[in-house]
Amino acid sequence: MMIKAIAAAAIAIGCLAGSAAVVQSTPDTENGRYALSTTPDGVLRLDTRTGAVSTCSNNGAGWACYAVPDERGALDAEIGRLQADNEKLKKELASREPTVAGKIEEPMPKSDSLKKSEPKVVEGERKIEIPLPSDRDMDRMMSFLERAWRRLIEMANRVQKDVNGKI
(Lines give C-alpha, C1' and ligand atoms only; values in the text may rest on other atoms or scores of the structure.)
Protein backbone atom coordinates (compact mmCIF):
# COMPACT_ATOMS: atom_id res chain seq x y z
CA MET A 1 0.00 0.00 0.00
CA MET A 2 2.86 2.31 0.84
CA ILE A 3 4.48 1.60 -2.50
CA LYS A 4 1.30 2.63 -4.30
CA ALA A 5 1.17 5.92 -2.37
CA ILE A 6 4.82 6.65 -3.18
CA ALA A 7 4.25 5.82 -6.85
CA ALA A 8 1.16 8.07 -6.97
CA ALA A 9 3.11 10.93 -5.35
CA ALA A 10 5.98 10.46 -7.83
CA ILE A 11 3.54 10.51 -10.76
CA ALA A 12 1.85 13.66 -9.40
CA ILE A 13 5.22 15.40 -8.94
CA GLY A 14 6.26 14.32 -12.46
CA CYS A 15 3.04 15.67 -13.94
CA LEU A 16 3.46 19.00 -12.13
CA ALA A 17 7.08 19.30 -13.28
CA GLY A 18 6.05 18.40 -16.83
CA SER A 19 3.26 20.96 -16.90
CA ALA A 20 5.64 23.62 -15.54
CA ALA A 21 8.06 22.79 -18.35
CA VAL A 22 5.24 23.08 -20.90
CA VAL A 23 4.14 26.45 -19.48
CA GLN A 24 7.69 27.78 -19.72
CA SER A 25 8.25 26.39 -23.23
CA THR A 26 5.83 28.86 -24.89
CA PRO A 27 5.58 32.64 -24.61
CA ASP A 28 3.23 34.03 -21.98
CA THR A 29 -0.15 35.13 -23.32
CA GLU A 30 -0.57 37.73 -20.52
CA ASN A 31 -4.24 37.11 -19.64
CA GLY A 32 -5.45 36.92 -23.24
CA ARG A 33 -3.69 40.06 -24.49
CA TYR A 34 -1.77 38.09 -27.11
CA ALA A 35 -3.11 35.71 -29.73
CA LEU A 36 -0.55 33.06 -30.66
CA SER A 37 -0.27 30.99 -33.82
CA THR A 38 2.36 28.32 -34.27
CA THR A 39 4.73 28.48 -37.23
CA PRO A 40 7.52 26.11 -38.30
CA ASP A 41 10.12 28.50 -36.77
CA GLY A 42 8.27 29.28 -33.53
CA VAL A 43 5.21 31.35 -32.74
CA LEU A 44 3.54 34.34 -34.37
CA ARG A 45 2.24 36.71 -31.66
CA LEU A 46 -0.52 39.29 -32.22
CA ASP A 47 -0.95 41.99 -29.59
CA THR A 48 -4.73 42.34 -29.44
CA ARG A 49 -4.51 45.80 -27.82
CA THR A 50 -2.10 47.50 -30.26
CA GLY A 51 -2.30 45.25 -33.34
CA ALA A 52 1.49 44.77 -33.36
CA VAL A 53 2.73 41.46 -34.78
CA SER A 54 5.89 39.72 -33.55
CA THR A 55 7.70 36.50 -34.34
CA CYS A 56 8.80 34.54 -31.29
CA SER A 57 11.28 31.69 -31.18
CA ASN A 58 13.05 29.68 -28.53
CA ASN A 59 16.78 30.07 -29.08
CA GLY A 60 17.82 27.75 -26.25
CA ALA A 61 18.36 30.50 -23.65
CA GLY A 62 14.66 31.36 -23.64
CA TRP A 63 11.96 32.84 -25.78
CA ALA A 64 12.68 36.01 -27.75
CA CYS A 65 10.13 38.01 -29.74
CA TYR A 66 10.97 40.42 -32.54
CA ALA A 67 8.52 42.91 -34.04
CA VAL A 68 7.52 42.31 -37.64
CA PRO A 69 8.04 45.51 -39.70
CA ASP A 70 4.71 47.24 -40.30
CA GLU A 71 4.53 48.54 -43.86
CA ARG A 72 0.92 49.62 -43.45
CA GLY A 73 1.84 52.84 -41.62
CA ALA A 74 4.24 53.90 -44.36
CA LEU A 75 1.68 53.06 -47.05
CA ASP A 76 -1.05 55.04 -45.27
CA ALA A 77 1.28 58.05 -44.93
CA GLU A 78 2.15 57.92 -48.65
CA ILE A 79 -1.53 57.61 -49.62
CA GLY A 80 -2.35 60.63 -47.46
CA ARG A 81 0.47 62.67 -49.02
CA LEU A 82 -0.64 61.76 -52.55
CA GLN A 83 -4.27 62.62 -51.79
CA ALA A 84 -3.23 66.04 -50.44
CA ASP A 85 -1.08 66.66 -53.55
CA ASN A 86 -3.98 65.62 -55.77
CA GLU A 87 -6.37 68.04 -54.04
CA LYS A 88 -3.80 70.86 -54.27
CA LEU A 89 -3.32 70.24 -58.01
CA LYS A 90 -7.08 70.10 -58.61
CA LYS A 91 -7.54 73.47 -56.88
CA GLU A 92 -4.63 74.96 -58.84
CA LEU A 93 -6.07 73.68 -62.13
CA ALA A 94 -9.55 74.98 -61.27
CA SER A 95 -8.15 78.43 -60.44
CA ARG A 96 -6.53 78.83 -63.85
CA GLU A 97 -8.36 80.67 -66.57
CA PRO A 98 -9.54 78.60 -69.50
CA THR A 99 -6.83 78.44 -72.16
CA VAL A 100 -9.20 77.70 -75.05
CA ALA A 101 -10.75 80.86 -76.50
CA GLY A 102 -14.09 80.64 -78.28
CA LYS A 103 -14.94 77.15 -77.13
CA ILE A 104 -17.73 75.59 -79.12
CA GLU A 105 -20.20 73.07 -77.79
CA GLU A 106 -20.61 71.07 -80.99
CA PRO A 107 -18.30 68.07 -81.42
CA MET A 108 -15.33 68.31 -83.74
CA PRO A 109 -15.45 66.16 -86.89
CA LYS A 110 -13.39 63.02 -86.60
CA SER A 111 -10.42 62.71 -88.90
CA ASP A 112 -9.45 59.36 -90.34
CA SER A 113 -6.09 58.55 -88.75
CA LEU A 114 -5.75 55.44 -90.91
CA LYS A 115 -6.20 57.33 -94.16
CA LYS A 116 -3.27 56.68 -96.45
CA SER A 117 -1.16 59.57 -97.60
CA GLU A 118 -1.24 60.56 -101.24
CA PRO A 119 1.36 58.82 -103.44
CA LYS A 120 4.33 60.87 -104.63
CA VAL A 121 3.82 62.32 -108.08
CA VAL A 122 6.82 62.97 -110.33
CA GLU A 123 6.83 66.43 -111.89
CA GLY A 124 3.85 66.83 -114.18
CA GLU A 125 3.26 63.08 -114.64
CA ARG A 126 0.90 60.78 -112.77
CA LYS A 127 3.50 58.12 -111.96
CA ILE A 128 3.88 56.61 -108.52
CA GLU A 129 7.45 56.54 -107.26
CA ILE A 130 8.32 53.39 -105.32
CA PRO A 131 11.71 53.31 -103.61
CA LEU A 132 13.66 50.13 -104.42
CA PRO A 133 15.74 48.29 -101.83
CA SER A 134 19.45 49.02 -101.80
CA ASP A 135 22.11 46.45 -102.71
CA ARG A 136 22.91 46.05 -99.03
CA ASP A 137 19.24 45.26 -98.26
CA MET A 138 19.18 42.71 -101.10
CA ASP A 139 22.38 41.04 -99.81
CA ARG A 140 20.91 40.77 -96.31
CA MET A 141 17.71 39.25 -97.67
CA MET A 142 19.60 36.74 -99.83
CA SER A 143 21.85 35.64 -96.95
CA PHE A 144 18.78 35.18 -94.76
CA LEU A 145 17.05 33.05 -97.39
CA GLU A 146 20.21 30.97 -97.91
CA ARG A 147 20.51 30.26 -94.16
CA ALA A 148 16.82 29.35 -93.95
CA TRP A 149 17.10 27.02 -96.98
CA ARG A 150 20.19 25.29 -95.51
CA ARG A 151 18.44 24.76 -92.17
CA LEU A 152 15.42 23.31 -93.93
CA ILE A 153 17.59 20.86 -95.90
CA GLU A 154 19.54 19.88 -92.75
CA MET A 155 16.28 19.28 -90.88
CA ALA A 156 14.91 17.13 -93.72
CA ASN A 157 18.16 15.08 -93.76
CA ARG A 158 17.95 14.52 -89.96
CA VAL A 159 14.34 13.40 -90.20
CA GLN A 160 15.21 11.03 -93.08
CA LYS A 161 18.12 9.52 -91.08
CA ASP A 162 15.87 9.06 -88.04
CA VAL A 163 13.19 7.35 -90.12
CA ASN A 164 15.74 5.10 -91.91
CA GLY A 165 17.39 4.15 -88.64
CA LYS A 166 14.14 3.07 -87.02
CA ILE A 167 12.67 1.09 -89.92
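Conventions used here
- Residues numbered from 1 in each chain as written.
- Predicted model: local features only at pLDDT ≥ 70, side-chain atom pairs only at ≥ 80, totals over all residues.
- Heavy atoms only, no water.
- Helix = DSSP H or I, 4+ residues; strand = E, 2+ residues; numbered from the N terminus.
- Buried < 20%, exposed > 50% of the residue type's maximum accessible area, 1.4 Å probe, protein only.
- Areas by Shrake-Rupley, 256 points an atom, 1.4 Å probe, with all protein chains shown as cover.
- Salt bridge = Lys/Arg side-chain N within 4 Å of Asp/Glu carboxyl O.
- Patch = residues over 30% accessible without salt bridge, like charges linked within 9 Å, V, L, I, M, F, W, Y side chains within 5 Å.
- Pairing = 2+ DSSP bridges.
- Axes fitted to C-alpha atoms, helices over the stretch in contact; angles between N-to-C directions.
- Phe/Tyr/Trp six-rings, centres within 6.5 Å; stacked < 30°, edge-to-face > 60°.
- Lys NZ or Arg CZ within 6 Å of the ring centre and 35° of its normal.
- Disulfide = S-S within 2.5 Å.
- Contact = heavy atoms within 4.5 Å.
- Polar contact = N/O pair within 3.5 Å; in protein donor to acceptor, adjacent residues only side chain to side chain.

Engineer: I'm lost on the overall build of the protein in this one. Help?
Structural biologist: Broken down by element type, the protein carries 3 helices and 4 strands. Helices and strands in the protein line up, N terminus first, as α-β-β-β-β-α-α. Burial statistics for the protein: of 167 residues in total, 6% are counted as buried. Just so you have it, the protein exposes about 15,900 Å², and 59% of that area is on carbon and sulfur atoms.

Engineer: It is not clear to me how the pattern of salt bridges should be interpreted in this structure. Could you clarify?
Structural biologist: Once their charged atoms are close, side chains differing in charge can pair, the charge on each being opposite to the other. For the structure shown, the criterion picks out 4 salt bridges. Close ionic contact of Arg96 with Glu92 constitutes a salt bridge, the shortest N to O distance being 3.5 Å. Given the relative accessible area of 38%, Glu92 is considered partly exposed. Through salt bridges that share partners, Glu78, Arg81 and Asp85 make up one connected network.

Engineer: Can you help me understand a nonpolar patch on the surface in this one?
Structural biologist: A cluster of nonpolar residues, Trp149, Leu152, Ile153, Met155, Val159 and Val163, forms a patch on the protein surface that exposes about 570 Å² of accessible area. Following the sequence through the fold, Met155 ends up in helix α3 (residues 135-166).

Engineer: What's the story with the sheet that holds strand β4 (residues 63-67) in this structure? I'm lost.
Structural biologist: The strands making up a sheet associate through backbone hydrogen bonding, with each pair oriented either parallel or antiparallel. Strand order in this open sheet of 4 strands is β1-β2-β3-β4, and the pairing throughout is antiparallel. Strands at the two margins of the open sheet, each flanked by one partner only, are β1 (34-39) and β4. Averaged over all neighbouring strand pairs, the angle between strand axes comes to 25 degrees, with direction disregarded. Alignment of strand β3 (residues 53-58) against β4, held across 5 bridges, turns out to be antiparallel. Directly across from Cys56, in β4, lies its bridge partner Cys65.

Engineer: So what exactly am I meant to see when it comes to the packing of aromatic side chains here?
Structural biologist: Given two aromatic rings, one states the distance between the centres and the angle between the planes to describe the pair. Taken as a whole and judged by the stated rule, the model has 0 aromatic pairs. Arg45 extends its terminal NZ or CZ atom over the ring of Tyr34, reaching a point 4.3 Å from the ring centre.

Engineer: How should the state of the cysteines be read in this particular structure?
Structural biologist: Disulfide: a covalent bond connecting the sulfur atoms of a pair of cysteines. Tallied over the entire structure, the rule returns 1 disulfide. Disulfide pairing places Cys56 opposite Cys65 at an S-S distance of 2.0 Å. Given an S-S torsion of about 110 degrees, the disulfide between Cys56 and Cys65 has right-handed geometry.

Engineer: For this particular structure, what's the right way to read the side chain of Ser54?
Structural biologist: Relative to the helices and strands, Ser54 resides in strand β3. With near-sequence residues (within four places) excluded, Ser54 lies in contact with Val43, Leu44, Arg45, Cys65, Tyr66, Ala67 and Val68.

Engineer: Even after reading the chapter, I still don't get the side chain of Arg33, so can you show me in this structure?
Structural biologist: Turning to its location among the elements, Arg33 is positioned in the loop between α1 (2-24) and β1. For Arg33, a relative accessible area of 18% translates into the label buried. In this structure the side chain of Arg33 is engaged in a polar contact, spanning 2.7 Å, whose partner is the side chain of Asp47.

Engineer: What's the story with the pairing of β3 in this structure? I'm lost.
Structural biologist: Two faces make up the sheet, and in a regular strand the side chains alternate between them. Bridge count for strand β2 (residues 42-47) against β3 is 4 bridges, and the pairing is antiparallel. Of the residues in β3, the one forming a bridge with Leu44 is Thr55. Count of turn residues in the β2/β3 antiparallel hairpin: 5 residues, of which Gly51 carries a positive phi of about 85 degrees.

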